[in-house]
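Spelled out from the first residue to the last, the chains are:
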Amino acid sequence: LDPDFAWGAVGTTRLRVEYRDRPEGRAEGAQLLLSFWAWGDDEVEVFENLARVISALREALESSAG
């Protein structure tokens, strides 16, 4: 969505989990961990870049929702 932007990133990690406290018994599943990074020369620029990261992520999620 923003190929020229290099001052932020979203990382994804898939975590395997086991749910033990379910009334129907134990179950295995997965959780998705999203990590956000943004860089800049000062605090204002960092938060502007973080807003750009979140905006792009929102656009990607909304477009994939159909």
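Conventions and cut-offs
- Residues numbered from 1 in each chain as written.
- Predicted model: local features only at pLDDT ≥ 70, side-chain atom pairs only at ≥ 80, totals over all residues.
- Heavy atoms only, no water.
- Helix = DSSP H or I, 4+ residues; strand = E, 2+ residues; numbered from the N terminus.
- Rg over C-alpha atoms; globule rule 2.2 N^0.38 Å.
- Buried < 20%, exposed > 50% of the residue type's maximum accessible area, 1.4 Å probe, protein only.
- Contact = heavy atoms within 4.5 Å.
- Areas by Shrake-Rupley, 256 points an atom, 1.4 Å probe, with all protein chains shown as cover.
- Expected span 1.5 Å × (residues − 1).
- Polar contact = N/O pair within 3.5 Å; in protein donor to acceptor, adjacent residues only side chain to side chain.
- Patch = residues over 30% accessible without salt bridge, like charges linked within 9 Å, V, L, I, M, F, W, Y side chains within 5 Å.
- Salt bridge = Lys/Arg side-chain N within 4 Å of Asp/Glu carboxyl O.
- Lys, Arg positive; Asp, Glu negative; His and termini not counted.
- Charge placed at Lys NZ, Arg CZ, Asp CG, Glu CD.

### Focus: the overall build of the protein chain
Consideration 1: When its secondary structure is counted, the protein chain shows one helix and two strands.
Consideration 2: When the elements of the protein chain are put in sequence order from the N terminus, they spell out β-β-α.
Consideration 3: Taken against the 2.2 N^0.38 rule, which gives 11 Å for 66 residues, the C-alpha radius of gyration of the protein chain at 17 Å runs more than 25% over that of a compact globule.
Consideration 4: With the C-alpha coordinates of the protein chain rotated into their principal frame, the extents come out at 50 × 30 × 15 Å.
Consideration 5: Here the protein chain, with 66 residues, has 11% of them falling under the buried criterion.
Consideration 6: Considering only contacts in the protein chain between residues 6 or more positions apart, those separated by 24 or more positions represent 39%.
Consideration 7: If you sum the accessible surface of the protein chain, you get close to 5,600 Å²; carbon and sulfur atoms cover 51% of it.

### Quick word on helix α1 (residues 43-64)
Consideration 1: Between the first and last C-alpha of α1 there are 32 Å, a value that for 22 residues agrees with the 32 Å anticipated at 1.5 Å per step.
Consideration 2: In this structure D42 caps α1, since a side-chain oxygen of it lies 3.2 Å from the backbone nitrogen of V44.

### Details of a negative patch on the surface
Consideration 1: On the surface, D41, D42, E43 and E48 cluster together into a patch of negative charge.
Consideration 2: Within the fold, E43 resides in helix α1.
Consideration 3: Take E43: its relative accessible area is 60%, and that puts it in the exposed class.

### Some words on a nonpolar patch on the surface
Consideration 1: A cluster of nonpolar side chains, namely V10, L32, L34, F36 and I54, defines an oily patch on the protein surface of about 420 Å² accessible area.
Consideration 2: Of note, I54 is situated in helix α1.
Consideration 3: Owing to a relative accessible area of 43%, I54 belongs among the partly exposed residues under this scheme.

### Examining the pattern of salt bridges
Consideration 1: This model, assessed by the stated rule, comprises five salt bridges.
Consideration 2: For E62, the salt bridge goes to R58, with nearest N and O atoms at 3.0 Å. Taken together, the positions of E62 and R58, both in helix α1 and four residues apart, correspond to about one turn of that helix.

### Considering the side chain of N49
Consideration 1: Relative to the assigned elements, N49 resides in helix α1.
Consideration 2: Given a relative accessible area of 10%, N49 falls into the buried group.
Consideration 3: Residues within four places of N49 in sequence aside, it is in contact with F5, W7, A38, W39 and G40.

In short, geometric facts, not functional conclusions.
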